Every structure is written in structure tokens, then in C-alpha cells.
Amino acid sequence: MCTAVTYEGVDFYFGRNLDLDVSFNEQVTITPRQFEFRFRNGEVIKSHWAMIGMAAVIDDYPLYYDAMNEKGLCMAGLNFPGNACYLSRKEGMKNITPFEFIPFILGSCSSVEEAVDVLKSTILINETFNDFLPLAPLHWIISDQKHSIVVEPMPLGLKVFDNPVGVLTNNPTFDYHLTNLNNFLNLTSSPPINRFSGKMNLSASSIGMGSIGLPGDLSSPSRFVRAAFTKANATEETDEGLEVAQFFHILDSVAFTKGCAINEAGKEELTIYSACMNTQKGIYYYKTYANNQLNAVYLKRANLDGSILKTYELITSQQIREIN
Ligand SMILES: C[C@H](CCC(=O)NCCS(=O)(=O)O)[C@H]1CC[C@H]2[C@@H]3[C@H](O)C[C@@H]4C[C@H](O)CC[C@]4(C)[C@H]3C[C@H](O)[C@]12C
């Protein structure tokens, strides 16, 4: 499972937990403006917005999981098995494969508004990257400082939802998660008051009792509610270090500790990495399951007018600052 969130302090932040049982040797990857994208529909794009994100680079192609572009537009793909539906090529539409979707949107759009326009004439087609990598059943969150949307590939084409919560998890469909939030409207970060009965002398015995009922499990609907509650109540900070700290605390609230959720194949699901992107400053922060230290890669320190991918191997072993 996975969770993606947005967060607004002075700057706008976007990121995700990647929860899975395997890694595909993903790396922080910068695609500069002149890297040539040869789309499967025959289109060749020689110049586009630069982007940074987490990708598995195979045959010199960045298979992005999540990324932001130099304009601050962000996008992440999350598992959507059993629901994601990819179509056959259709005349008159932009036929894009799922693995091209992030480069396609982030390369050409500078805002959610522009992306919504492009999506009207786009379908996602059922063509794989190669014979060894199956189609990834995904849905996507696309965000900028002003808006967030969710894009779900359905049998009739792409369904686009407004995302006022700024959170995405996995199944079921996004409209379910939004409706389900109504069941939790009574939760509060403040001390609860006795609404149970005016005839009884009931009082809170500890702090945090206003959020009794917040689901604590690791299922997708529960992570959606917990991430939404944590995000909605997390104070907005004004300093980069504190904002980034807040962001990772929100992601930590829905992270998988290895061993606590076993998938159908009998394997342990874990939060392989957590990422936070500062969309104004163009910084990609990440930490991994076994390395709690924050690492930062700066988009704007790379040669953005280049044509060659720049990859940064993940630092996955624990980094401990020894004090004495
Ligand atoms: C599984 C990842 C999403 C995280 C998530 O929701 N996991 C749930 C796992 S489970 O169902 O609960 O077991 C997704 C996000 C991006 C995906 C990758 C990207 O789409 C890029 C390529 C696309 C290729 O078609 C498949 C390999 C792949 C490298 C994908 C593998 C996998 O599907 C990824 C890594």
C-alpha cells in the first residue's frame, strides 16, 4: 500500500510513502529539459520541463513512481489493483502508456489546470514497457500549490476527481474515501466535551481522547482517514526544517513497520522509502526504511538544460551521528 499527501506551510510540499515487499532498484532521478522522450504513440519530445523524482531507470528510461517538475507540478502513482483499466489505442485521443504518464504530464504542464485540460483528450493504453515488466495497476494524484486532483483509469476512460483533502491511498475508488471521511466528522484534536449525557459526570482522563475512533490499522481506507486527520491538524510551520519535519511526521503516521502486514504472497509489506518534495525550492527529500536520516537532492543544482539522466543511488543503510 502507499499513501501520498500534500502539505502547506510557507512553501508547498508533496510526497508519499512507497509501501511494497520488493524494490526495483529505484533512484532519485533528474530528467533535464533536453532528454528526448520517444512516446509509444510515435511522438518525439525533444524539449520539456525538467523533473526530479523516484524512478527505476531501465534502458535509459526513467520509470517514475513520483516526481515534481521545475514549475512545482507534482504527481505520484499508487497501486489500484482490480480497478485500474487500461484501454486499446483510440483514434483522435492521445494514447499514453501508464509508464509514460508521469513524464507526459510533468513534461508538458505547469499547473493542475493545464493538466486537467490535457487529460480531456488522453487515454491510458494497455501496452507494457517490455516483456518482463507487467502493466502497473495505478491511480495518480496530481497537485500544485492551488489544487489537487486524482486520476483513475476506468473502462470508459480517465476519471478525474477534485481532491480537496490532498491525500491518496489505494483501493477502493477515490469517491469512496471522500464519502467515508464523513463517518469521522466528530473527531477533534481538542479536548472532547461530554456529549454522551448531561446527566452523567464524564470527563477526559488523558489528552488525545478527541481522536478516539481514528482508525489505527494499515488498510487503505483507514490510512486515508488517519493521513487526512493528521494532515488537517498538523500545525503549519514557517521554517524549512520544521515544515519538512511536519511532513515526515504525517507520512510516519501511516507507515508500515516490517512484519505488521503480510500480503497475499506471504511477504512482508514495508515502507521502502518516504519522500517529501519542496515544490518551490525544487528539493527532493527522502528517507528509507532502514535509514532514518533525511537526504536531499536539489533539482536546480543540476544542469537542467542537459540531455542525460542524472541518478542518485539511495542511501539505504542507517546513518547514525555518534556524539561521544
Ligand atoms: C507498487 C507501487 C505503488 C505502491 C503501492 O501502492 N504498493 C502496494 C503494493 S500491494 O498491492 O499492496 O502489494 C508502484 C508505484 C509506481 C510503480 C512502478 C512505476 O509505474 C514504473 C514501472 C512500471 C512498469 O509497468 C512496472 C514496474 C514499475 C517499476 C512500477 C512497479 C510498481 O507498480 C510501482 C513501484
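Residues numbered from 1 in each chain as written. Predicted model: local features only at pLDDT ≥ 70, side-chain atom pairs only at ≥ 80, totals over all residues. Heavy atoms only, no water.

Topic: the layout of surface pockets
And then number 1: In this structure, the largest pocket spans a volume of roughly 790 Å³.
And then number 2: Around the largest pocket, the lining is made up of 34 residues, and of these Phe24, Tyr65, Pro134, Ala136 and Leu138 lie nearest the centre.
And then number 3: Elements supplying a minimum of two residues to the lining of the largest pocket: β2 (12-20), β6 (51-58), β7 (61-69), β8 (74-79), α1 (101-108) and β11 (138-143).
And then number 4: Of the residues forming the lining of the largest pocket, the biggest block, four residues, is contributed by β2.
And then number 5: The residue makeup of the lining of the largest pocket, split by class, is 25 nonpolar, four polar and five charged.
And then number 6: Estimates place the volume of the second largest pocket at around 400 Å³.
And then number 7: Every residue lining the second largest pocket is counted, 15 residues in all, and those nearest its centre are Pro192, Ile193, Asn194, Arg195 and Met209.
And then number 8: Class assignment of the residues belonging to the lining of the second largest pocket gives a composition of nine nonpolar, five polar and one charged. (1 Å grid on protein atoms, 1.4 Å probe; cavity = no way out; pocket = protein on both sides within 12 Å on 5 of 7 lines; lining within 4 Å. Points joined across faces, edges and corners; volume = space filled by probe spheres on them. Helix = DSSP H or I, 4+ residues; strand = E, 2+ residues; numbered from the N terminus. Nonpolar A, V, L, I, M, F, W, Y, C, P; charged D, E, K, R; others polar.)

Topic: the UniProt feature "domain: Choloylglycine hydrolase/NAAA C-terminal" (unreviewed entry) in the protein chain
And then number 1: The positions UniProt marks with the feature "domain: Choloylglycine hydrolase/NAAA C-terminal" (unreviewed entry) are residues 2-312.
And then number 2: Helix makes up 16% of residues 2-312 and strand 31%, whereas the separation of the span's terminal C-alpha atoms amounts to 22 Å. (UniProt positions renumbered as here; feature names shortened; annotations may be inferred.)

Details of the pattern of salt bridges
And then number 1: Considering all chains together, one arrives at eleven salt bridges under this definition.
And then number 2: One salt bridge connects Glu127 with Arg89, and the closest N-O pair in it is separated by 2.7 Å. Remark: Arg89 occurs in the loop between β8 and β9 (94-96) and Glu127 occurs in the loop between β10 (122-124) and β11; sequence separation between them is 38 residues.
And then number 3: Taking the relative accessible area as the measure of exposure, Arg89 reaches 43% and is therefore partly exposed. (Salt bridge = Lys/Arg side-chain N within 4 Å of Asp/Glu carboxyl O. Buried < 20%, exposed > 50% of the residue type's maximum accessible area, 1.4 Å probe, protein only.)

Things to note about the environment of Glu100
And then number 1: Note that Glu100 resides in the loop between β9 and α1.
And then number 2: For Glu100, a relative accessible area of 1% translates into the label buried.
And then number 3: The sequence separation of Glu100 and Thr29 amounts to 71 residues, and the corresponding C-alpha distance is 15 Å.
And then number 4: Once you skip the residues sitting within four places of it in the chain, Glu100 turns out to touch Arg38, Phe39, Arg40 and Tyr61. (Contact = heavy atoms within 4.5 Å.)

Some words on the sheet that holds strand β16 (residues 283-288)
And then number 1: The strand order across the open sheet built from six strands is β14-β1-β2-β15-β16-β17, with neighbouring strands paired in antiparallel fashion. Looking at which strands have only one partner, the edges of the open sheet turn out to be β14 (167-168) and β17 (295-298).
And then number 2: Bridge analysis of β16 against β17 gives four bridges, and the strand direction is antiparallel. By the bridge assignment for β17, Tyr286 is matched with Asn295. (Pairing = 2+ DSSP bridges.)

Some remarks on the side chain of Asp11
And then number 1: Tracing the sequence through the fold places Asp11 in the loop between β1 (2-8) and β2.
And then number 2: Within the structure, the side chain of Asp11 is placed 2.5 Å from the side chain of Lys281, a separation counted as a polar contact.
And then number 3: Leaving out residues up to four positions away in the same chain, Asp11 has contacts with Glu240, Glu243, Asn278, Gln280 and Lys281. (Polar contact = N/O pair within 3.5 Å; in protein donor to acceptor, adjacent residues only side chain to side chain.)

Here's the deal with the packing of aromatic side chains
And then number 1: Within the structure shown, the criterion is met by twelve aromatic pairs.
And then number 2: When the ring of Phe39 is compared with that of Phe104, the centres are 6.0 Å apart and the planes differ by 80 degrees; the resulting orientation is edge-to-face. Within this pair, whereas Phe39 is found in the loop between β4 (37-38) and β5 (44-45), its partner Phe104 is found in helix α1, the two being separated by 65 residues in sequence.
And then number 3: Using a relative accessible area of 9% as the deciding quantity, one classes Phe39 as buried.
And then number 4: Phe104 gets classed as buried once you look at its relative accessible area, which sits at 9%.
And then number 5: Residues Tyr61 and Phe99 carry aromatic rings whose centres are separated by 5.8 Å and whose planes lie at 85 degrees to one another, so their mutual orientation is edge-to-face. Residue Tyr61 is found in strand β7, and its partner Phe99 is found in the loop between β9 and α1; the two are separated by 38 residues along the sequence.
And then number 6: Tyr61 gets classed as buried once you look at its relative accessible area, which sits at 11%.
And then number 7: Judged by relative accessible area, which is 15%, Phe99 ranks as buried.
And then number 8: Each member of the aromatic cluster is reached from another via a ring pair, and the members are Phe35, Phe37, Phe39, Tyr61, Phe99, Phe104 and Phe129. (Phe/Tyr/Trp six-rings, centres within 6.5 Å; stacked < 30°, edge-to-face > 60°.)

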